[in-house]
There are 2 protein chains.
Amino acid sequence: MATMALLLQYNGAGYHGFATQKPHNGRDLATVQGELNRALEVLYRRPVDTTCAGRTDAGVHALGQVISYDVSEEELETRTPRVLLRSLNALTPEDMGVRDVWQAADGFSARFDAQWREYRYYLSVGPLPPLVMADFCWHLRCEPLDIQAMNEAAQYLIGEHDFKSFCLAASAVGKPTCRNVLDLSVAPVQIAGQDLVCIRVVGSSFLHSMVRTIAGTLVAVGRGLREPAWVDSVLKACSRDAAGEKAPAQGLVFWQVGYEGYNRHLG
Amino acid sequence: MATMALLLQYNGAGYHGFATQKPHNGRDLATVQGELNRALEVLYRRPVDTTCAGRTDAGVHALGQVISYDVSEEELETRTPRVLLRSLNALTPEDMGVRDVWQAADGFSARFDAQWREYRYYLSVGPLPPLVMADFCWHLRCEPLDIQAMNEAAQYLIGEHDFKSFCLAASAVGKPTCRNVLDLSVAPVQIAGQDLVCIRVVGSSFLHSMVRTIAGTLVAVGRGLREPAWVDSVLKACSRDAAGEKAPAQGLVFWQVGYEGYNRHLG
């Protein structure tokens, strides 16, 4: 037995999220995992059980999703990382791709061995959506955001807290909702000649919809609809109704995952 | 009489180039100018004659195209730049937009008053196309480019030369083909977490297909298929057959135009 790992990127627009789903009205829904498993099955001539670092929702993009799966010694020897990289990219659709393939430690789990996960959420503000980033941001037709206020609000969320207010209500029932946010910051960025705002969040792990609800909540502060300290009361309310709106999926990119000894970070 | 100017961005993928064209097989072809003129006609309730800084080909994008057109004193007073900006963005398709509107000096021509024009050409190299820039680059499945060699080759093209070898042959017949390239450089850039290569070229004006033929020629050097000095012989040959292939349209962005006294540059 050996364990393989993949670094995966995808444009989420064409997928009903990462995880495979049951057929809907008798039709298969396109998912990232569905496409990936199909390609792996062609290569290994058997079903392959894949584990991901973080399940992304419909429309959410990834630059640094990590996948693990087990192979036999024979499979390890006959399918080198170099060949796997080329074959998987030939077998998967254009809007997803494998950036890296490596042999991980035996029994490595992309999910359970992850030490931290980083997401970035892109905002664009003004009368016009940006050119290159049009499909990778939340375009707000409003006045410039108060980035200092957003960063002030972000401070309340850093550290270990019960993030129940930031979790899709149905997913929170009967499950632990404490999480550790290691870093959360908001900064102006210039991408391909245009000004955007980037929310960067790093955490041990995240609840369902947590990053998008944090983004929507910080945007309410940035637009001046709420004071930064409001975010503290949202946190303490432990109720999804207290937080801001869930920001749209297309602005979110699953950026990278940290593992001990694996250092292919994306900067 | 007064003169208005617009700063325009567009994703070229959906257009048969900038300039309006005669109907093809009885059907109108979508062009940037066609859409813009239609919107201006709605606003001014008359046909509006527009001039652009640079005609872009089918599939070429723009971040900083500039347009000029004349209005009467009455039209100037009743349609402020602020209202024009909002109305034009409401009337034009999603994949194009007006970034700025201002009253220019009387008789200003976006074309004839331009002092310099800047284009950027994006290249991506490796097994996988980039995520965010997928539709805005030429993706080459090759070994890393030799950027130093490309810059060496670029030096031969800077300055005043006869660029006949870099011009679409049919457009060069009986027309002057001397142009002044003010700057041409190649550099690695990181955009939304991924490594690309950007060719930046500034010139007084450009011949038809000139930037894309320069890009294709520099890529031949970057891939090691040609020595940098080959570019000098291409220039001296004064024949389109001597140059490299024309790089695909989707990697090209018409970046900005310089005018005396107008200083909204895009960095």
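Per chain, residues are indexed from 1 in the order of the written sequence. The naming scheme follows written order: chains are lettered A onward, ligands numbered 1 onward. Where local features are concerned, this predicted model is filtered to residues with pLDDT of at least 70; where side-chain atom pairs are given and counted, the filter is 80 or more; whole-chain, interface and lining totals use all residues.

Draft legend 1. Representation of the packing of helix α4 (residues 147-155) of chain B against helix α6 (residues 210-222) of chain B. Residues and elements named next belong to chain B. A fitted line through C-alpha atoms represents every axis, and for helices the fit uses only the stretch in contact; the resulting angles, taken between N-to-C directions, go from 0 to 180 degrees. Strands here mean DSSP runs of E at least two residues long; helices mean DSSP runs of H or I at least four residues long; both are numbered from the N terminus. The N-to-C vectors of α4 and α6 enclose an angle of 135°; their axes lie 8 Å apart at closest approach. As summarised for this structure, α4 and α6 are arranged oblique, according to the angle between their axes. Like other packed secondary-structure pairs, α4 and α6 cross with a definite hand, here right-handed. In this structure, α4 contributes Ile-147, Ala-149, Met-150, Ala-153 and Ala-154 to the contact, and α6 contributes Leu-218, Val-221 and Gly-222. Here the residues of the contact of α4 with α6 are counted per class, giving seven nonpolar, one polar and no charged. Angles are sorted into four bins: roughly parallel if under 35 degrees, roughly antiparallel if over 145, roughly perpendicular if 65 to 115, and oblique for all others. Note on convention: the crossing is left-handed when the near helix lies turned anticlockwise from the far helix by less than a right angle, right-handed when the turn is clockwise. A residue pair is marked as a contact if its C-beta atoms, positioned from the backbone, fall within 7 Å. Note that Gly is not counted as nonpolar here; it falls among the polar residues with everything else outside the nonpolar set of Ala, Val, Leu, Ile, Met, Phe, Trp, Tyr, Cys and Pro and the charged set of Asp, Glu, Lys and Arg.

Draft legend 2. Seen up close, the relation of the copies chain B and chain A. Residues below a pLDDT of 70 in either copy are left out; the C-alpha atoms of the rest, at least 70 in both, set the least-squares superposition of the copies. The transform that puts chain B on chain A rotates by 180° and translates by 0.0 Å along the axis, for an RMSD of 0.0 Å. Look at the turn and shift together and you get a two-fold axis relating the two. Minimal C-alpha separation from the rotation axis in chain B is found for Ile191(B), amounting to 3.1 Å. A share of 100% of the interface residues of chain B reappears at the interface of chain A, consistent with the copies meeting face to face through the same patch.

Draft legend 3. Main features of the interface of chain B and chain A. Listed per partner, the contact involves 22 residues of chain B and 22 residues of chain A. Looking at the side of chain B that touches chain A, the elements that each hand over two or more residues are β3 (61-71), α3 (81-91), β4 (96-104) and β8 (178-191) of chain B. Among the elements that make up the side of chain B that touches chain A, the one with the highest residue count is α3(B) (three residues). In the side of chain B that touches chain A, the residues fall into twelve nonpolar, eight polar and two charged.

Draft legend 4. Quick look at the nonpolar core. Counting 156 residues, the largest nonpolar core has Leu123(A), Leu218(A), Leu123(B) and Leu218(B) as its most contacted members. Leaving out residues up to four positions away in the same chain, Leu218(B) has contacts with Met150(B), Ala153(B), Ala154(B), Val186(B) and Ile199(B). When buried Ala, Val, Leu, Ile, Met, Phe, Trp, Tyr and Cys residues are joined through C-beta atoms within 7 Å, the set is termed a nonpolar core. Remark: C-beta atoms are placed from the backbone, and a residue is labelled buried if 20 or more other C-beta atoms sit within 10 Å of its own, exposed if 12 or fewer do, or partly exposed between those counts.

Draft legend 5. Region of interest: the UniProt feature "binding site: substrate" (unreviewed entry) in chain A. UniProt positions are given in the numbering used here, feature names are shortened, and annotations may be inferred rather than shown by experiment. When the UniProt feature table is mapped to this numbering, "binding site: substrate" (unreviewed entry) covers Tyr119(A). Beyond its immediate chain neighbours, meaning those up to four positions away, Tyr119(A) contacts Val201(A), Val211(A), Leu252(A), Val253(A), Phe254(A) and Trp255(A).

Draft legend 6. Broad picture of helix α1 (residues 32-44) of chain B. All names here are of chain B. The span one expects for a helix is its residue count, reduced by one, times 1.5 Å. A rise of 1.5 Å per residue sets the reference length of α1, with its 13 residues, at 18 Å; its end C-alpha atoms lie 18 Å apart and thus fit the reference within 8%. All of the buried residues along α1 are Val-32, Gln-33, Leu-36, Ala-39 and Leu-40. Buried residues in α1, looked at end-on, bunch into an arc of 130°, giving them a common side. At the exit of α1 stands Arg-45, carrying a positive phi of roughly 55°. Directions pointing from the helix axis toward each C-beta atom define the arc.

Draft legend 7. Representation of the UniProt feature "domain: Pseudouridine synthase I TruA alpha/beta" (unreviewed entry) in chain A in the model. In this structure's numbering, the residues bearing the UniProt feature "domain: Pseudouridine synthase I TruA alpha/beta" (unreviewed entry) are residues 153-260 of chain A. Within the segment residues 153-260 of chain A, helix and strand shares are 26% and 32% respectively, and the terminal C-alpha atoms sit 31 Å apart.

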